[in-house]
Amino acid sequence: MALLEVRGLEVAFPLRAARLQALRGVDFTLEEGERLGIVGESGAGKSMAAYAILNLISEPGRISGGEIWFDGQRLDTLSNDEMRGIRGNRIAMIFQDPMMTLNPVLTVGTQMIECLAAHRTMSEAQAQDLCIAKLREVAIPSPEARFNAYPHELSGGLRQRVVIAIALLLDPAIIIADEPTTALDVTIQAEIMGLMMELCDNHRVGLILITHDLAVVSDVTQKMLVMYAGRVVETGTTAQVIARPAHPYTRGLLQSLPQKNTAGGMLNQIPGTMPSLAAVPSGCAFHPRCEHTDARCSSELPQLRAVGRRMVSCHHAEALK
Amino acid sequence: MDTLAFLIKRLGQAAVVMLVISIIGFSIQDNLGDPLRELVGQSVSEEVRDELREEMGLNDPFFVQYWRFLTKAVQGDLGTSYFFKKPALEVIMGKFPATFELVLAATFIIIFVSVPVGIYCAIHPKSFFSRLAMAVSIVGISVPVFLTAIFSIYIFAIYLDWLPSYGRGDTVDLGFWRTGFLSLDGLSHLILPALALSSIMLPLFIRLIRGEMMEVLRSEYVRFAWAKGLHPSRVYLLHAFKNTLLPVITVGGVQVGTLIAYTILTETVFQWPGMGFLFLEAVNRVDTPLIIAYIIVVGLIFVITNTIVDLVYTMVNPMVRITGVKG
Ligand SMILES: Nc1ncnc2c1ncn2[C@@H]1O[C@H](COP(=O)(O)OP(=O)(O)OP(=O)(O)O)[C@@H](O)[C@H]1O
Ligand SMILES: [Mg+2]
């Protein structure tokens, strides 16, 4: 059994007006030390899938179906207290905006030590040494001084390093990073991403990387998951999916990337936008935007099935491959 | 060092505010009745009056008179009360402990009720208790304080006969201070007025804390705190509440003025022998020096509490420590 296994995950927001289904059956697995990329346009449900693993979905959203297994333990049925023992300890998270992730009124040191205190028993001095060692490991200059600093005294890049240090503090088995570099300066994005990969390798940490950047996914991940309107539309090894995408949506995403040979030219954007949860199209949710649509696409929901050595949910996958 | 610079700046601001208040106070003296009538009565002839006026400097130009007033005021001389025939400042300060203890008790009630209730309502916004608290506080905001006071007197003092409804009761003299905190009778006299006074602010603060904290609970850093596996008490009471405090302190500082203003009403309804009650009596007797002394003392209290509030704010918010101004 894989280290992490998500099966048929469903997340719903029972609102007064309607019951919005943010995830409609998501499956994926992650092996020890493996890296999985999750891509898809805004609103696809990437963050939802990540938050669901640690049961961090904000009210009134809840997991309404499926199972999440981690290291032989079922996570989605754990009590809050039991879940607390997993969070930050076995599975850590890194969020998008380091300006918002650290608490503005608490020092870096406080925010690190409390994480240790929540999961381990050790002396104050031991804890502080460990924290400073971690700050050094993420290449923060003069870590002793930074330890006592407040977040606003650090640059965005340094703050994200602090967040990474906190995520690594307890040697988790998995780190979930939700667009960890999107909010950063372009110049330091690569630096932070490189640091994360190095640390994940050193500590054999599995990584779930959520991003809009397909170039990064193809650089650093072994597996990828393409999501659309709360479902997985294509998944497989990153190399295969990127080289020969089978789902029209994946193709669209790849074509909208700036290519070497079309530098400066117009990007091929997929026409239309991601549907809102209140009005998900019938059949294949992508059909109104797809150029290969036929009658079957609008009436019958395509199941995720093996096509070649990957999984695709498209009625025309074989024909398009 | 930053704190020192901040204090110096604040002291400068305080001086300006006090100067403005002194001008207002002096203008009142200039316009409110004829001081001679209060002093000498009707029977004195006009010539003698003029002579007295000249002697007292009442015919001097405005600025000369104001300067005289200011130099005396700085030395603590705010004139002599017509009614008590004693220095006005001394009369006011004699009533200060009563008002101070009333405001202190009301502040404690406000803090110890609004903080837990506000936090609870923010964490469980849909619970029955939260809905009830919100409904009650809506009503509380719209009921005038004298109604609350009169109803509480009727219920607890007259109908149930549990609590005294007027005066301070037994007080203990500490030499420099007369306190009602140290006797059971004094404390029981404090309950109804303090509750009435706190009822003005309670709904506001409960709603404020609830609203701000709900906002904070949606923030990324609170989500990150959960993701670290922290205990809920730490997430709510440290991560969320410390951030909630910032806007609450700012509003609290402004509301101190309102609270002092409402002591006049509360003290009058409960016959509480404090500065506010004294002030209203002074107004009725056109005891101008006493009115002015009250205004200046209250202005000073306001300036001091605001400085304290600002200091607390800088202690909670690390961002202001760097720049010395609210960011
Ligand atoms: N509190 C909520 N109530 C109702 N719907 C919500 C709520 N939070 C999120 N959603 C919906 O859930 C869907 C999935 O959101 P999610 O944040 O997972 O998208 P995403 O793929 O991470 O997008 P992005 O790239 O913008 O981060 C979206 O359609 C969003 O509108
Ligand atoms: Mg997201």
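Located above this text is the structure these notes cover.
The text that follows walks through the structure, step by step, so that each part is easy to find.

Criteria and cut-off values
- Residues numbered from 1 in each chain as written.
- Chains lettered and ligands numbered in written order.
- Predicted model: local features only at pLDDT ≥ 70, side-chain atom pairs only at ≥ 80, totals over all residues.
- Heavy atoms only, no water.
- 1 Å grid on protein atoms, 1.4 Å probe; cavity = no way out; pocket = protein on both sides within 12 Å on 5 of 7 lines; lining within 4 Å.
- Points joined across faces, edges and corners; volume = space filled by probe spheres on them.
- Nonpolar A, V, L, I, M, F, W, Y, C, P; charged D, E, K, R; others polar.
- Near = heavy atom within 4 Å.
- Polar contact = N/O pair within 3.5 Å; in protein donor to acceptor, adjacent residues only side chain to side chain.
- Areas by Shrake-Rupley, 256 points an atom, 1.4 Å probe, with all protein chains shown as cover.
- Helix = DSSP H or I, 4+ residues; strand = E, 2+ residues; numbered from the N terminus.
- Buried < 20%, exposed > 50% of the residue type's maximum accessible area, 1.4 Å probe, protein only.
- Pairing = 2+ DSSP bridges.
- Axes fitted to C-alpha atoms, helices over the stretch in contact; angles between N-to-C directions.
- Phe/Tyr/Trp six-rings, centres within 6.5 Å; stacked < 30°, edge-to-face > 60°.
- Lys NZ or Arg CZ within 6 Å of the ring centre and 35° of its normal.

## A few points about empty space enclosed by the protein
Residues and elements named next belong to chain A. Using the criterion set out here, one finds three cavities of 30 Å³ or more in the structure. Of the pockets and cavities examined, the largest cavity occupies roughly 70 Å³. Taken together, Arg24, Tyr228, Arg231, Val233, Gly283, Cys284, Ala285, Phe286, Leu301, Pro302 and Ser313 form the lining of the largest cavity. A class-by-class count of the residues in the lining of the largest cavity yields seven nonpolar, two polar and two charged. One number sums up the size of the second largest cavity: a volume of about 50 Å³. Considered class by class, the residues forming the lining of the second largest cavity number six nonpolar, four polar and no charged.

## What about the site of ligand 1?
Residues and elements named next belong to chain A. The full set close to ligand 1 counts 13 residues, and Ser42, Lys46, Ser47, Met48 and His212 are the nearest of them. In the model, an oxygen atom of ligand 1 is placed 2.4 Å from a nitrogen or oxygen of the serine 42 side chain. In this structure, an oxygen atom belonging to ligand 1 sits 3.2 Å away from a main-chain N or O atom of alanine 44. Within the complex, the protein chains bury 69% of what would otherwise be the 640 Å² of accessible surface of ligand 1. Of the residues forming the shell around ligand 1, the biggest block, three residues, is contributed by helix α1 (residues 46–53). The residue makeup of the shell around ligand 1, split by class, is five nonpolar, five polar and three charged.

## Topic: the environment of tyrosine 313 of chain B
All names here are of chain B. With respect to the helices and strands, the residue tyrosine 313 is situated in helix α12 (residues 288–316). According to the relative accessible area criterion, tyrosine 313 is buried, its value standing at 9%. As a C-alpha pair, tyrosine 313 and proline 247 span 66 residues in sequence and 9.1 Å in three-dimensional space.

## Examining the sheet that holds strand β3 (residues 35–39) of chain A
Residues and elements named next belong to chain A. Sheet architecture is open: eight strands sit in the order β6-β7-β8-β3-β9-β10-β12-β11, paired in mixed fashion. The outermost strands of the open sheet, each flanked by one partner alone, are β6 (91–94) and β11 (305–307). Strand-to-strand, the axes of this sheet are offset by a mean angle of 20 degrees, without reference to chain direction. In this structure, β6 lies alongside strand β7 (residues 174–178), joined through four bridges in parallel fashion. Bridge pairing in β7 places isoleucine 94 opposite alanine 177.

## Some words on the packing of aromatic side chains
Evaluation of the coordinates by the stated rule reveals 18 aromatic pairs over all chains. Each ring, one from phenylalanine 108 of chain B and one from phenylalanine 112 of chain B, has its centre 5.8 Å from the other, and the planes form 10 degrees; the classification is stacked. Within this pair, phenylalanine 108 of chain B and its partner phenylalanine 112 of chain B are both found in helix α5 (residues 88–123), separated by four residues, close to a single helical turn. The partly exposed category is assigned to phenylalanine 108 of chain B, whose relative accessible area is 45%. Look at tyrosine 154 of chain B and tyrosine 159 of chain B: their rings are 6.4 Å apart centre to centre, the planes differ by 20 degrees, and that puts the pair in the stacked class. Ring pairs connect the aromatic residues Tyr51 and Phe95 of chain A together with Phe224 of chain B, which therefore count as one cluster. Stacked on the ring of tyrosine 51 of chain A, the Lys or Arg arginine 223 of chain B has its end atom at 4.1 Å from the ring centre. Lying across the ring of phenylalanine 83 of chain B, arginine 285 of chain B places its NZ or CZ 3.6 Å from the centre.

Such coordinate-based values are descriptive only and should not be taken to indicate function.
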